[in-house]
Each structure stands twice: as structure tokens, then as C-alpha cells.
Amino acid sequence: MSVRRLAAATLLAGTLLALSGCTGGADFGDLMGADAPLPPSLVKLIRAGDMGENSAIMVRIYKEESELEVWKQKGDGSFALLKTYPICAWSGKLGPKRKEGDRQAPEGFYAVTPGQLNPKSNYHLAFDMGYPNAYDRANGSTGQNLMVHGSCNSSGCYAMDNWQMEELYALARHAFQGGQRAIQVQALPFRMTPKNMARHKNSEHYAFWKMLKEGTDRFDLTKKPVAVATCEKRYVFDATLSDGRVLDPDGTCPAVAEPAELVAKRKADDDLEKQIASTMAPQDFAVQSTFVYKTGSPISAEAYAAEQHRREGFDRDGKPLNAKTSMFKNLLQKRTLNTSDASRDQ
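What you see is a predicted model; the values in this text were computed from it and never measured.

J.: Even after reading the chapter, I still don't get the sheet that holds strand 10 (residues 183-188), so can you show me in this structure?
T.: Paired through their backbone hydrogen bonds, the strands of a sheet run either parallel or antiparallel. What the five strands build is an open sheet, ordered 3-2-1-10-5; its pairing is mixed. This sheet does not close on itself; its edge strands, each paired only once, are strand 3 (79-86) and strand 5 (108-112). Neighbour to neighbour, the strand axes of the sheet diverge by 20 degrees on average, direction disregarded. Taken together, the four bridges between strand 1 (residues 57-62) and strand 10 define a ladder with parallel strand orientation. Bridge assignment links Tyr62 to a residue of strand 10, and that residue is Leu188. Its contacts with the sheet place helix 2 (residues 40-48) against strand 2 (67-73) and strand 3, and it is angled at close to 155 degrees to strand 3. Strand contacts of helix 4 (residues 162-177): strand 1, strand 2, strand 3, strand 5 and strand 10, with the helix running at about 155 degrees to strand 3, the strand carrying the most contacts.

Below, the structure written as C-alpha cells:
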């Protein structure tokens, strides 16, 4: 071997050795799977927010805004917003999921337990949202395997890109390691503001959304996940029975105490919503989607485009159009190319 070729090979070997101890993940763009650590930048945010790496989390999903929020518990027990992720894809339209195969992403209050984490998902990583819950079942809704997963491709799930999913999975894993028994997921049609409620007041789902807002209002005031139950086939929040019995989804709802501040917030929001709606022109109200997917029908390109809400930069198969490449891979490719060039010079 010539001196020049030997030098190139030695340089390549040295580069591989130096980089072999590096940690991949978010810093370099490498995907590491279910055991990926929390990225240093995220750890910095956690510590700056008076949170622990293993403290509890809560998730809020907003369809219309295509955003997923992670809230994390602080030292005083309250929850604060840690990070907002742009959702990569969700399918269907605004409104709850009703039946198996309708390709609707769920809306409601769900709970994720450790057993619902899926490190071997076909969509990189995933966690099952827990649909159908007691409310869904009481109202005859059907379906299964509704996930938050990677791959940026949805058929009724909330899809993130794979790098986002590794962060979310790591956050959930750490929270469970810290003793959290279930992560609350609030899947919402939009941010439940008086303006948005006014925009959507003509929707067939308006009453359902007002019910969801009862739960989100409680969280907004307390900054703590609400206790969720079902009775009379509707959601109730922070309702308990004195004798410890579990509420019956088809049974009578108990009287639920409402703090004065909650009553005041509801009245203020309702008054503002009515005021906003009274000043809106017909074209200012949200247009109701007419898209309907018939279960079992083939998905044409047109139908797929109509029901898929995907972030730009990903193709139909969920692959990034400009894939991230790690520093390791860049250097390896460069050193390999240099070695090849040196060999051809001989």
C-alpha cells in the first residue's frame, strides 16, 4: 500500500474511532429508537422550567392548528407547557371518531399507560391513545389501535415525524420511570377559545365541543390534569362518589361542585363568544367539511388528499423530502470518498 493510501486509511480509521463514542439522536439527526435519550436541548428546557426529567407529563392535541403540546409537572405540583410540536399528519376532519374505519382521528380525553407504549411499531415508535374510552363505548363508537406514532402518515392517528416521536417517546418513558401511572391526552378540535367556539358554533359537533371545554377550562384554571369519568353517556370532570364507587357510563351523574372561578370563567367565555358571533359575517364562520370516507372503499389520490392534513416536506409514504443526515454519516462519506480518490491516484 502506498504511503498516501495508507495515510488516508489511517485518517478514516481515526475518524471512526473518535466518533464511535458520540451520542446520536436529535443533535446529529440519527434515529436511535425506543431507548433514545432526552436531547440535551430538551433537558435544558426541563431544568429551566423547574421540572424533573422523570416528572409527570400531559399531552394536548389541537387538530385545526396541527399542534401537539407537552405539559410537564413542576416542583410545586402544577403543570407548565414544556414544548409545542407541529403535528406531521392527521386524517379526517374536525369532529370525534365514531366508527371503525372512518379514518377519523379521535377527540376526547384519553389515558396512556406504560403497556400502551409500542417500541416495535411499524411507524417507528408509537403509543396507543386508549380509544375507545368509556365515553366512546357508551355512545356506540368503535375502532382500535388509534395511535400517536411516527412516519408522518395517518389513517385515523396523529402522526409525528420520527425525530419528534423519539422525543415524545423518551418523555413518556421517563415519566413512567418517575412513577406516573397514566398520561392524560386531551385530543381537541382546536384551541378552545371564545373566538374559535364562535367560529364553529354552526357545527354539528358544537355541543360535544362545549362538553370538552368544561374539562379544558378546569385544567386552564388549576394547571393540573382533570379527573375524567363518564355518566349519562357524557363526560364529567372531577366528579367523585363518596363511597368510592366508580361512575356508571349509563348511570345518573352525581352533583359536581364547581369552583366560583370556574363558573365565572364559563360565563365570561360564553358572553364573549356571543359578542364575537354577533359581529361576524356569514363567511367568517368555519366551513363544515363535506368529506366522507366510506369504510372499506379504496383510497384514491383525490380522496387521500382531501382527508390528509400533512406538514409540508414529507411525501405520501411519510418519508422526509430532505432527509436529515448525521455528522457521523457526513464525515464517513467524505473520508470514504477521499480514500477512494487516493486509491485511484495510485
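Now, onward.
J.: When you look at helix 6 (residues 206-222) in this model, what are you seeing that I'm missing?
T.: Residues three or four positions apart in an α-helix share a direction because the helix packs 3.6 residues into each turn. For helix 6, spanning 17 residues, the distance from its first C-alpha to its last is 25 Å, which sits close to the expected 24 Å at 1.5 Å a residue. Of the residues trailing helix 6, Lys223 is marked for its positive phi of about 60 degrees.

J.: Hey, could you run me through the packing of aromatic side chains in this one?
T.: Working definition: an aromatic ring pair is given by the centre-to-centre distance plus the angle between the planes. Overall, the coordinates contain eight aromatic pairs when judged by the stated rule. Between Trp71 and Phe219, the ring centres sit 5.1 Å apart and the planes meet at 85 degrees, which makes this aromatic pair edge-to-face. With Trp71 in strand 2 and Phe219 in helix 6, the pair connects residues that are 148 residues apart, well separated along the chain. Per residue, the accessibility class of Trp71 equals that of Phe219, and both read buried. Members of the aromatic cluster, connected to one another through ring pairs, are Phe109, Tyr135, Phe208, Tyr235 and Phe237. Of note, Arg98 hangs over the ring of Phe208, and the distance from its end group to the ring centre comes to 5.9 Å. The aromatic ring of Tyr62 is capped on one face by Arg191, whose charged end is 4.1 Å from the ring centroid.

J.: Is there a simple way to think about the pattern of salt bridges in this case?
T.: Once their charged atoms are close, side chains differing in charge can pair, the charge on each being opposite to the other. In this structure the tally under the stated criterion is 19 salt bridges. We note a salt bridge from Arg199 to Glu64, for which the minimum N-O separation is 3.1 Å. Linking Arg199 in helix 5 (residues 194-199) with Glu64 in the loop between strand 1 and strand 2, this pair joins segments that are 135 residues apart in sequence. Among the residues examined, Glu64 registers a relative accessible area of 32% and is labelled partly exposed. As a salt-bridge pair, Lys210 and Glu273 come within 3.4 Å of each other at their nearest N and O atoms. In this pair, Lys210 is assigned in helix 6 and Glu273 in helix 7 (residues 260-278), connecting sequence segments 63 residues apart.

J.: Can you walk me through the side chain of Gln104 in this structure?
T.: Residue placement: Gln104 occurs in the loop between strand 4 (89-91) and strand 5. Gln104 gets classed as buried once you look at its relative accessible area, which sits at 8%. A distance of 2.5 Å separates a polar atom in the side chain of Gln104 from the backbone nitrogen of Lys93. Excluding residues within four positions of it along the chain, Gln104 makes contact with Lys63, Ser91, Gly92, Lys93, Leu94, Gly95, Pro96, Lys97, Leu146 and Gly156.

J.: Would you mind going over the environment of Leu247 with me for this structure?
T.: In this structure, Leu247 sits in the loop between strand 12 (234-237) and helix 7. When its relative accessible area of 13% is taken as the criterion, Leu247 is described as buried. With 16 residues separating them in the primary sequence, Leu247 and Cys231 have C-alpha atoms 6.2 Å apart.

J.: Quick question: what am I supposed to make of the state of the cysteines here?
T.: Two cysteines whose sulfur atoms are joined by a covalent bond form what is called a disulfide. In total, this model carries two disulfides according to the counting rule given. Between the sulfur of Cys88 and that of Cys152 lies a disulfide, 2.1 Å long from S to S. The S-S bond linking Cys88 to Cys152 shows a torsion near -85 degrees; that makes this disulfide left-handed. Of this pair, Cys88 sits in the loop between strand 3 and strand 4 while Cys152 sits in the loop between strand 8 (147-149) and strand 9 (158-159); the two residues are 64 residues apart in sequence, bridging distant segments of the chain. For the pair formed by Cys88 and Cys152, the shared burial category is buried. Shown here is the disulfide that connects Cys231 with Cys253, its sulfur atoms set 2.0 Å apart. Here Cys231 and Cys253 share a disulfide; its torsion about the S-S bond, 110 degrees, makes the bridge right-handed. One end of the pair, Cys231, is in strand 11 (residues 228-231); the other, Cys253, is in the loop between strand 12 and helix 7, and 22 residues separate them in sequence. Its relative accessible area of 0% is what places Cys231 among the buried residues. Cys253 gets classed as buried once you look at its relative accessible area, which sits at 13%.

The rules behind each value
- Residues numbered from 1 in each chain as written.
- Predicted model: local features only at pLDDT ≥ 70, side-chain atom pairs only at ≥ 80, totals over all residues.
- Heavy atoms only, no water.
- Pairing = 2+ DSSP bridges.
- Helix = DSSP H or I, 4+ residues; strand = E, 2+ residues; numbered from the N terminus.
- Axes fitted to C-alpha atoms, helices over the stretch in contact; angles between N-to-C directions.
- Contact = heavy atoms within 4.5 Å.
- Expected span 1.5 Å × (residues − 1).
- Phe/Tyr/Trp six-rings, centres within 6.5 Å; stacked < 30°, edge-to-face > 60°.
- Buried < 20%, exposed > 50% of the residue type's maximum accessible area, 1.4 Å probe, protein only.
- Lys NZ or Arg CZ within 6 Å of the ring centre and 35° of its normal.
- Salt bridge = Lys/Arg side-chain N within 4 Å of Asp/Glu carboxyl O.
- Polar contact = N/O pair within 3.5 Å; in protein donor to acceptor, adjacent residues only side chain to side chain.
- Disulfide = S-S within 2.5 Å.

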